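Examining the three-dimensional arrangement
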Amino acid sequence: MVVTTGGPQGASSLCDAASRWEISATGTNLQPTWVNHTGGDTLLSVAITGTAVYVGGHQRWMNNPEGSDRARQGSVARPGLAALEPMNGIPMAWNPGRHPRGIGASALYATEDGLYVGSDTEWIGNFDYQRGRIAYFPLAGGQVPPQGVVGALPTEVFFPNNSVSIPANDVLYRVNAGGPALTATDGLLNWDADTNAAPSGYHNTGGSTNSISSNTITLDASVPAGTPLAAFTDRRYDPSAAPEMMWNFPVAAGTQVEVRLSFAARDWAYHAVGERVFDIKIDGVTVADDYDTVAAVGYKVGHTLKFPVTSDGTINIEFLHGVLDPAVDAVEIVRTSAGTGNGVAKRAYDGSVAGALTAVGGADGTAWQNLRGAFLIDDTLYYGMSDSNIYKRTFDGVNFGPAVVHNPHSDPRWDTQLVDDKPTTTLTYAAVKTAIYTELPNVRSMFYSNGRLYYTINGQNALFWRAFSPDSGIAGAVRYQANGSGTSTALENLSAPSGVLFLSGGYVYWSRGGSDGRLVRRAFDGTSFTGTAAAVSGPTIDNVDWRSPGAFIRG
């Protein structure tokens, strides 16, 4: 690994960049395996582990080859420190920051227990942790990166935008308010995390969390059987009435649901009647006036309130101050009306025989018809939509978690922070989305393989790719392509694709759009096509239509 200084010279230079070189390579005109540019800021240090390449300096951004002392497309804020994927150099999610940055982090030293950072400044984060000039990041308590598991034949191919049955008691949302993610005890949807480090995207800002596990609680009969006891360990509370704590959950208009809000008084500060009292509104209507958990069920007892609601498109839950701070331990929204809706179906496929299409689920109001490609890594589903956003959610082959907008180029901690304290400075650490976001309305299909996100664009006879990090969900700023061939009617032509696109056994498989519907495969080595394409399934071959707005396979 080499890190450099030199000034903003663009992607054609190795100045102000980190680059990987293979020590086994010999010959002339050797090129790096990958390069990550800061856009004009010096890198001073590097440390390598099996999981990450750590770089330090006085950089403001990474993934910024088009930057010239400015953030440009692809950039992400990484003040003074960054962790890069060893495979492709894309920034990982780790982003502690060093502000002020000073001259920079001039020394990094990785051990089996953690990472030491030496610099000329005394703070880690944005004046968050004072650590002199040597900081230590222990591995203990850290995050294990995704394994990067993707599907291969034989497998199941999932087809969004299909009519599926919607059962009553279908769980739409579960959030462990104020606490970590929890595994479902009833085999249904897992409980999403809502910690200070990773707050839920379904509530407004300004709240805080606390955790109490030192005393034992019981559960009132009102608590649903699928609510884990651990959900009552943590809670999100609202110390300020401006604004009041608000949760917002998208649910298709007209859907009948039950909103379940769970509470427990475990803190001695709120052990008596009248010590914590608040109102609850749903969609502007007061559903609980002067709610007091202790008055309802007593101290150290879990309690759930349940409210029937017909959605107007969004379920809005508001907690209003009465006596001291409103708090909630868990939020669950369950569909109560059965029916049909636009969701996801699947069929088995082994490369030769395609099974029957069967319903899976996902009829939660997602506009699957607007999908612009999808891919699954481990149990995280990423997909683009025609609104130029990328979304992600969990999917275990049966249950879909709640969808959230995925924008790793925005970090609330840094977006509005000035890069230095000079009186004339107006520049912040705010970054810019990768250009793939602007391509999304015309993207038709996607897959991930070995550190690369591949995709097709309607009207362009090529398979495109960018480097991609499963850990951060960041795509590279540089786009590459493998050209198709032939006229629009040739099987090798990629200018009119549909939504199926995956790699298996050295072949890329894709579906043809328009009135075609065939599944085509062609040999592909990760960089270029070889040989001719062959249609292996389709309406005139085995009566299977492979057209879809964004199919995906699961490992």
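For the structure itself, look to the data block above.
Residues numbered from 1 in each chain as written. Predicted model: local features only at pLDDT ≥ 70, side-chain atom pairs only at ≥ 80, totals over all residues. Heavy atoms only, no water.

Counting its secondary structure elements, the protein contains two helices and 42 strands. Rg of the C-alpha trace for the protein: 26 Å, near the compact-globule value of 24 Å for 555 residues, within the 12% margin. Taken along the three principal axes of its C-alpha coordinates, the protein extends 80 × 65 × 40 Å. Sorting the 555 residues of the protein into buried and exposed places 51% on the buried side. When contacts within the protein are restricted to residue pairs at least 6 apart in sequence, those whose partners lie at least 24 apart make up 60%. Carbon and sulfur atoms make up 51% of the accessible area of the protein, which totals about 23,200 Å². (Helix = DSSP H or I, 4+ residues; strand = E, 2+ residues; numbered from the N terminus. Rg over C-alpha atoms; globule rule 2.2 N^0.38 Å. Buried < 20%, exposed > 50% of the residue type's maximum accessible area, 1.4 Å probe, protein only. Contact = heavy atoms within 4.5 Å. Areas by Shrake-Rupley, 256 points an atom, 1.4 Å probe, with all protein chains shown as cover.)

On to the sheet that holds strand β17 (residues 208-211), then. The three strands are arranged β17-β19-β26 in an open sheet whose pairing can be described as antiparallel. Strands with a single pairing partner mark the edges of an open sheet, and in this sheet they are β17 and β26 (327-328). One ladder, built from four bridges, connects β17 with strand β19 (residues 234-237); its direction is antiparallel. Residue pairing in the sheet places S211 in a bridge with D234 of β19. (Pairing = 2+ DSSP bridges.)

What follows concerns the sheet that holds strand β28 (residues 339-349). Strand order across the open sheet formed by four strands is β29-β28-β15-β42, with antiparallel pairing between neighbours. The sheet terminates laterally at β29 (358-361) and β42 (552-553), the two strands that pair on one side only. Pairing of β28 with β29 involves three bridges; the strand directions are antiparallel. By the bridge assignment for β29, A345 is matched with A359.

Before going further, it helps to examine the pattern of salt bridges. The final tally for this structure, using the stated rule, is 20 salt bridges. Among the ionic pairs, R133 bridges to E122, the shortest N-O distance being 2.9 Å. Of the two residues, R133 is situated in the loop between β13 (129-130) and β14 (134-138) and E122 in the loop between β11 (114-119) and β12 (123-126); the sequence distance between them amounts to eleven residues. Residue classification places R133 among the partly exposed residues on the basis of a relative accessible area of 46%. Where salt bridges share partners, they join R174, D186, E258, R260 and E332 into one cluster. (Salt bridge = Lys/Arg side-chain N within 4 Å of Asp/Glu carboxyl O.)

Treat this as a map of the structure, not an account of what it does.
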